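Structure at a glance
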Amino acid sequence: MKRRLCLLLAFVLLLCGCGKRETRGSVTLWCASDDPLLPALRDAAEDYGYPVALREFADADALQSALNTARPDLLLCSHTLAFGLAEEGLLASLANPVSYPETLAGRAEGVGRSVFPLGSRVQLLLTRGADAPADFLSLCEWASAQKRPCFAADSYADLICQAMLGVGEFHADREKDCFYPAFQAAWNALAECAFSGSLCTGEAAPGVLDAQLVYSDRLTGGVPAGFTLAAPAASPRLADLRCLALMRPTRGASAFASWLFAENRAAQLALQSGLIPALPGGEGSDPLSALLLSLREEPLWLADGKCDYVKNRAAFEAQFREAMDLLR
């Protein structure tokens, strides 16, 4: 009888232990389906020893709307959303904070405790050969002289915003921005490219044109043969910082975050996704990752989520492409 009781007690303890392990490890994580970190994060979730419930939304707007009705343990999103949630006091804090470089630690409330920057997406210059200059206005002048389709950018709004950093606020509103000489110079340079037939406003895969400003995460498949990859001249450099935000302080979320930010995993995850790592570590084993690591010490400009540029960016991009098409 005594032996049976001991066996029964051992079995109950075993069941309790298994239950605790699953509770500590399981975690829910929301993200947009087009997030540059999603493929690498999906691979990381498979390597993690406990269940990670990834829920994907159509885009960033759908993701943000879903937060009105429910909350995950962790949220993968842009810094504009993560920093805003932190300011509103809607995030939890990690018991064991992650240490970030001073350049990032002071950017927003809760960096390292409730907001965990992973990596920054930037536009890089892909050129056939080495003829095209990296300076924006010189690049436009070079493209105009070709008088054939040869130049494009993934985001012209970002390109113009970059040209105005340090010399004027970019509202992504032509009626407001037209008074700034820097905006006039950028707009006119691109308009000249369009008028000469050199500017392309449609979708272009990397390696199709002689000179392209391409989002870094679109180059994870490698630099096309015969092309050179470079960082356009910029200081500070416009960036979209991708972050994890802690929404619920569950044991699963804490365990997953501790695992993800150990052993240089976060830096390698960023490089694998074509982003400038926010944390030390990572290896530059190919041209893209080597370039991204070289940009890690540069000052980055992160837009405030409440600024006109963020609010108007999508509409400005569409209007700009439409205006350039009329000049061709």
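Our next topic: the overall build of the protein chain. The number of helices and strands found in the protein chain is 13 helices and 11 strands. The principal-axis extents of the C-alpha atoms in the protein chain amount to approximately 95 × 40 × 35 Å. Classification of the 328 residues of the protein chain by burial places 49% in the buried group. A sequence separation of at least 24 residues applies to 74% of the contacts in the protein chain between residues at least 6 apart. Within the structure as shown, the protein chain displays about 16,100 Å² of accessible surface, and the carbon and sulfur contribution to it stands at 53%.

We now examine the sheet that holds strand E5 (residues 123–128). Taken together, the four strands give an open sheet; going across it, the order is E6-E7-E5-E8, and neighbouring strands pair in mixed fashion. Each end of this open sheet is capped by a strand with a single partner; those strands are strand E6 (151–153) and strand E8 (227–230). Going from strand to strand, the sheet's axes swing by 25° on average, the running direction of each strand aside. Relative to strand E7 (residues 211–215), E6 runs parallel, the two being bridged by three bridges. Looking at E7, one finds that Phe 151 is bridged to Ala 211. Sitting on the sheet, helix H12 (residues 287–294) touches E5 and E8, and the angle it makes with E8 is about 20°.

Ranked by internal contacts, the top residues of the largest apolar core, which has 73 residues, are Leu 75, Phe 83, Tyr 100, Leu 244, Phe 256 and Phe 261. Setting aside chain neighbours within four positions, we find Phe 261 in contact with Val 98, Tyr 100, Phe 116, Pro 117, Leu 118, Leu 244, Ala 266 and Leu 279. Counting residues in each nonpolar core, the second largest holds 41 residues, with Cys 140, Met 164, Cys 200 and Leu 238 among its members.

Taken as a whole, the protein chain shows an average pLDDT of 90; of its residues, 92% reach a score of 70 or greater. Mean pLDDT across the elements of the protein chain bottoms out in helix H1 (residues 2–25) (41) and peaks in strand E10 (residues 276–277) (98). Considering only residues more than four positions removed or in separate chains, one finds that residues 5–23, a stretch of pLDDT under 50, has two contacts.

Attention now moves to the environment of Ala 205. On the secondary structure map, Ala 205 appears in the loop between helix H9 (181–195) and E7. Of the residues examined, Ala 205 reaches a relative accessible area of 42% and is grouped as partly exposed. Here the alpha-carbon distance between Ala 205 and Asp 59, two residues 146 residues apart in the chain, equals 21 Å. In this structure, Ala 205 is in contact with Gln 212 and Arg 218, ignoring residues within four places of it in sequence.

Here we take up the side chain of Arg 237. For Arg 237, the position within the fold is in strand E9 (residues 237–246). Take Arg 237: its relative accessible area is 4%, and that puts it in the buried class. A polar atom in the side chain of Arg 237 sits 2.9 Å from the side chain of Glu 298. Setting aside its immediate chain neighbours within four residues, Arg 237 contacts Val 122, Gln 162, Ala 231, Pro 232, Leu 295, Glu 298, Pro 299, Leu 300 and Trp 301.

For H12, every residue scored as buried is listed here: Leu 288, Ser 289, Leu 291, Leu 292 and Leu 293. Close packing links the buried residues of H12 with E5, E8, helix H11 (265–272) and E10. If you check the start of H12, you find a side-chain oxygen 3.1 Å away from the backbone N of Leu 288, and it comes from Asp 286.

Definitions and limits used
Residues numbered from 1 in each chain as written. Predicted model: local features only at pLDDT ≥ 70, side-chain atom pairs only at ≥ 80, totals over all residues. Heavy atoms only, no water. Helix = DSSP H or I, 4+ residues; strand = E, 2+ residues; numbered from the N terminus. Buried < 20%, exposed > 50% of the residue type's maximum accessible area, 1.4 Å probe, protein only. Contact = heavy atoms within 4.5 Å. Areas by Shrake-Rupley, 256 points an atom, 1.4 Å probe, with all protein chains shown as cover. Pairing = 2+ DSSP bridges. Axes fitted to C-alpha atoms, helices over the stretch in contact; angles between N-to-C directions. Core = buried A, V, L, I, M, F, W, Y, C linked by side-chain atoms within 4.5 Å. pLDDT = per-residue confidence, 0-100. Polar contact = N/O pair within 3.5 Å; in protein donor to acceptor, adjacent residues only side chain to side chain.

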